[in-house]
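# Coordinates in review
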Amino acid sequence: LIVYVIGCIVLFFAQEKLLFYPDKLPVDYTYRKGVEEKIELSDGKYLSAYYNKTNNSKGVILYFHGNKGSIRRCIRQADMMDGLGYDIFMPDYRSYGKSDSPMKSEAQFYSDAQAVYDFLKSKYDESEIVIVGYSMGTAAATYLAAENKPKELFLVSPFKSIVDLKNRYAPFIPNFIIKYKFRNDKYFPKITCPISVFYTKTDNVVQPASTEELLDYNDHESVYELKNTSHRGAIFHDIFRETLVLRLRNS
């Protein structure tokens, strides 16, 4: 019992290190294309974002990457969204890339995401903002789509909640010690814009049952199963790219 209690205490204070795997970048690092944009946050800190503009833009794709790496690693994922007539905007979370530290709470995570969205609303009509989220990024994407009115939402490997994933992998850990619950199931029912969900039944990170249960919380999403791929490969899947082309290129 003592070992169990100590383990839970350690998990509570170390969960940022268990959930987030940031890749820090030097202050003089430059992206291989596009420009860097700095987003000021409510506490005076800044998020670093990749901003790739296109001629005669029809709007902007706001992309939230997963829990590993930084813009340097994830810019290949953003390349999947090139050529659709939309600008691309991809922020790094706190502690990631060139963004300021530290990551402190779930409320801060959501507040930062809203700050990014508000920045884009100062440059685009809200009906021109498309949100894409992958893995952990689906938490930011789902929250924003529920609390705002974007044009469309695309989710790749979304989950019901972190608590749900924890219960599937380690049910012996009590729910109350999880600081970052990321309850997509709470925000999913509030979304009114078109939703496209992509997942693979061979996902070894986000168990497919978690995605399937999330789908029960809204009744107007389009669902696409990604064949012959893994969690890491989902964002690069042809079906994802083809669906983006179909829905956005001619919109």
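Just above, that's the structure.
Quick caveat, the model's predicted, so the values are computed rather than measured. (Residues numbered from 1 in each chain as written. Predicted model: local features only at pLDDT ≥ 70, side-chain atom pairs only at ≥ 80, totals over all residues. Heavy atoms only, no water.)

## Examining the sheet that holds strand S2 (residues 35-40)
Across the sheet, eight strands lie side by side as S2-S3-S6-S4-S7-S8-S9-S10; this open sheet has mixed pairing. The open sheet is flanked by S2 and strand S10 (221-225), the only strands paired with a single partner. Ignoring which end each strand starts from, the neighbouring axes of this sheet average 20° apart. When strand S3 (residues 46-52) meets strand S6 (residues 87-91), the two strands line up antiparallel, connected through four bridges. Residue pairing for S6: Asn52 is matched across the bridge by Ile88. (Pairing = 2+ DSSP bridges. Helix = DSSP H or I, 4+ residues; strand = E, 2+ residues; numbered from the N terminus. Axes fitted to C-alpha atoms, helices over the stretch in contact; angles between N-to-C directions.)

## A word on unusual backbone geometry
Cis geometry is found at the peptide bond from Ser101 to Pro102, where omega equals -10°. Within the secondary structure, Pro102 is located in the loop between S6 and helix H3 (106-121). The backbone of Phe182 sits at a positive phi, close to 40°, despite the residue not being glycine. The residue Phe182 is located in the loop between helix H5 (162-169) and helix H6 (184-187) in this model. For Phe182, a relative accessible area of 0% gives the class buried. Positive phi outside glycine occurs at Asn228, with the angle close to 55°. Relative to the helices and strands, Asn228 resides in the loop between S10 and helix H8 (238-249). Residue Asn228 is classed as exposed on the basis of its relative accessible area of 82%. (Buried < 20%, exposed > 50% of the residue type's maximum accessible area, 1.4 Å probe, protein only.)

## Brief notes about the packing of H3 against helix H4 (residues 137-147)
Between H3 and H4, whose axes approach to 10 Å, the crossing angle comes to 65°. When the axes of H3 and H4 are compared, the crossing they make is right-handed. Contacts between H3 and H4 involve Phe109, Tyr110, Ala113, Gln114 and Tyr117 from the former and Ala139, Ala140, Tyr143, Leu144 and Glu147 from the latter. (Left-handed = near helix turned anticlockwise from the far one by under 90°. Contact = heavy atoms within 4.5 Å.)

## A few points about the pattern of salt bridges
Following the criterion strictly, the structure yields 16 salt bridges and no others. The salt bridge involving Arg94 is made with Asp43; its shortest N-O contact spans 2.8 Å. With Arg94 in the loop between S6 and H3 and Asp43 in the loop between S2 and S3, the pair connects residues that are 51 residues apart, well separated along the chain. Three or more residues are tied together by salt bridges with common partners; here these are Arg32, Lys33, Asp79 and Asp82. (Salt bridge = Lys/Arg side-chain N within 4 Å of Asp/Glu carboxyl O.)

## Thoughts on the packing of aromatic side chains
A complete count under the given rule lists 17 aromatic pairs for this structure. Ring plane angle 35° and centroid distance 5.6 Å describe the contact between Phe89 and Phe119, whose orientation is recorded as tilted. Of this pair, Phe89 sits in strand S6 while Phe119 sits in helix H3, placing them 30 residues apart in sequence. Considered together, Phe89 and Phe119 belong to a single accessibility category, that of buried residues. Geometrically, the ring pair formed by Tyr93 and Tyr96 is edge-to-face, given 5.5 Å between the ring centres and 80° between the ring planes. (Phe/Tyr/Trp six-rings, centres within 6.5 Å; stacked < 30°, edge-to-face > 60°.)

## A word on the side chain of Asp92
If you trace the backbone, Asp92 turns up in the loop between S6 and H3. For the buried Asp92, no salt bridge is present, and the opposite-charge side chain at shortest range is Lys24, 8.0 Å distant. A polar contact of 2.7 Å, which involves the side chain of Asp92, links it to the side chain of His65. Within the local environment of Asp92, its side chain forms a polar contact with the backbone nitrogen of Ile71, the two atoms lying 3.1 Å apart. Setting aside chain neighbours within four positions, we find Asp92 in contact with Leu47, Ser48, His65, Ser70, Ile71, Gly97, Lys98 and Ser99. (Lys, Arg positive; Asp, Glu negative; His and termini not counted. Polar contact = N/O pair within 3.5 Å; in protein donor to acceptor, adjacent residues only side chain to side chain.)

## Points about a nonpolar patch on the surface
Side chains of Leu1, Tyr4, Val5, Ile9, Phe12, Phe13 and Phe172 sit close together on the surface and give an oily, nonpolar patch of about 790 Å² of accessible area. Turning to its location among the elements, Ile9 is positioned in helix H1 (residues 2-19). (Patch = residues over 30% accessible without salt bridge, like charges linked within 9 Å, V, L, I, M, F, W, Y side chains within 5 Å. Areas by Shrake-Rupley, 256 points an atom, 1.4 Å probe, with all protein chains shown as cover.)

## Considerations on the pairing of S2
A regular strand carries its side chains on alternate faces of the sheet. Where S2 and S3 come together, six bridges link them in antiparallel fashion. Across the sheet, Lys38 pairs through a bridge with Ser48, a residue of S3. Linking S2 back to S3 in an antiparallel pair, the connection comprises five residues, with Gly44 at a positive phi of about 90°.

As far as function goes, none of this settles anything; it's purely spatial.
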